[in-house]
Amino acid sequence: MFSTLHHHLPRPNLLPSSRVCRKIISKRMSTNPAIEPKVRKFESVDGADISSRSISDGIKFRLVSYNILAQVYVKSALLPHSPPACLKWKARSHAILSVLRNLKADFFCLQEVDEYDSFYRNNMESLGYSGIYIQRTGQRKRDGCAIFYKPSCAELVTKERIEYNDLVDSIKADSVSCSEQKIETSNEGKGDEKAKDSRKDSRDLNDPLVRLKRDCVGIMAAFRINKPFHHIVIVANTHLYWDPELADVKLAQAKYLLSRLAQFKTLISDEFECTPSLLLAGDFNSIPGDMV
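The rules behind these values
Think of each chain on its own: its residues are numbered from 1, step by step along the sequence as written. Only residues with pLDDT of at least 70 are given local features in this predicted model, and only at 80 or more are side-chain atom pairs given and counted; all residues enter the totals for whole chains, interfaces and linings. To get the side-chain values, all heavy atoms of the structure are used, and hydrogens and water are removed first. Strands are runs of DSSP state E lasting at least two residues, helices are runs of H or I lasting at least four, and both sets are numbered from the N terminus onward. Buried residues are those whose accessible area, probed at 1.4 Å on protein chains only, stays under 20% of the maximum for their type, while exposed residues exceed 50% and partly exposed ones sit between those limits. In this description, contact between two residues means that some pair of their heavy atoms is separated by no more than 4.5 Å. Pairing between strands requires that DSSP locate at least two bridges from one strand to the other. Simply put, an axis is a line fit to the C-alpha atoms, just over the touching stretch for a helix, and the angle between two N-to-C directions goes from 0 to 180 degrees. Side-chain rings of Phe, Tyr and Trp (the six-membered ring for Trp) are treated as a pair once their centres are within 6.5 Å; stacked means planes under 30 degrees apart, edge-to-face means over 60, and tilted covers the remaining angles. Two helices crossing with the near one rotated counterclockwise from the far one by less than a right angle form a left-handed crossing, whereas a clockwise rotation gives a right-handed crossing. Gly counts as polar in this scheme, as do all residues outside two lists: the nonpolar Ala, Val, Leu, Ile, Met, Phe, Trp, Tyr, Cys and Pro, and the charged Asp, Glu, Lys and Arg.

Q: Any chance you could break down the environment of I225 for me, citing the residues and the numbers?
A: Examined against the element boundaries, I225 turns out to sit in strand β6 (residues 217–225). With a relative accessible area of 1%, I225 lands in the buried category. Along the primary structure I225 and P151 are separated by 74 residues, whereas in three dimensions their C-alpha atoms are 9.3 Å apart. In contact with I225, other than residues within four places in its own chain, are I59, F61, F107, C153, A154, H230, H231 and V233.

Printed below as a string of structure tokens:
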């Protein structure tokens, strides 16, 4: 880079005056103070309010939930404090893997995983992890949710996927019936106009079929903890819809999630004659104080 700059420097007899130089420099320099980037830290849940910490014969393991940000969503405009070189997948992938390695968790619940087959599966396996993964259902959606676990800590018993688009099925039959009725009573001479209206309606957020179809997913799995004694633990990982303008969609997804978890827990309890523990992790796109 420096050699290129040096190559384009003008000869001494063509240098501009010092006044012009000062003017050029003043335009390049900004007097606005630099904005300090926010540094996010992992918060420990260790504390006196956790009664099980004092039980010597209890089961102890480490679970980390982490939205690692899918590469498809990495935009320089949204991350102005990050050098462009750091946003490249090659640099980010090594940084992410380093962070996961240093956390030394027994379970990882990762959201926005979009390079599972090409990167995460093999690299996490080299760190001693096995993984299960579910990709979002939309044709253009490359990311999804993954659970990585250490076989030395736990054994995978069974798993189920959660498709929030299943919410559409609960109202689809009625919607199809209404649509057929409208087609039968419509004017056949306005076929082109009807097609245009249909395309318009397909983006109408007032249509429940459109509103609820967000391609969000989740995954839940039952694990048998190996030590100090066998115990079934259900680990669930999900990513709920983000848009605050569609808070009702997020609420519907949350309700469906809890319903599926209750059914799954009952299934595990009956099949293995046990009382499984349940850990729910994910990106719920909510902060303390949110109505949803």
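Q: So what's going on with the sheet that holds strand β1 (residues 63–67)? Which residues, and what values?
A: Taking strand neighbours across the sheet as the criterion, the four strands line up as β1-β2-β4-β3 in an open arrangement whose pairing is mixed. With one partner strand each, in any of the chains shown, β1 and β3 (130–135) form the two edges of the open sheet. Looking at each pair of strands side by side, their axes are set apart by 15° on average, direction ignored. Bridge count between strand β2 (residues 107–113) and strand β4 (residues 144–149): five bridges; the pairing is antiparallel.

Q: Mind laying out the packing of aromatic side chains, listing which residues take part and the relevant values?
A: All told, the structure shown has 11 aromatic pairs when counted by the stated rule. With centroids separated by 4.5 Å and ring planes inclined at 5°, the aromatic side chains of Y116 and Y133 adopt a geometry described as stacked. With a gap of 17 residues between them, Y116 in helix α4 (residues 116–126) and Y133 in strand β3 connect regions that are remote in the sequence. On the basis of relative accessibility, which here comes to 8%, the residue Y116 falls in the buried class.

Q: Now, about the packing of helix α3 (residues 89–103) against α4: what can you tell me, with residues and values included?
A: Look at α3 against α4: their axes get within 12 Å of each other, and the N-to-C directions meet at 35°. Here α3 and α4 pass one another in a crossing that is right-handed. Contacts between α3 and α4 involve W89, S93, I96, L97 and L100 from the former and F119, Y120, N123 and M124 from the latter. Looking at the contact of α3 with α4, its residues break down into seven nonpolar, two polar and no charged.

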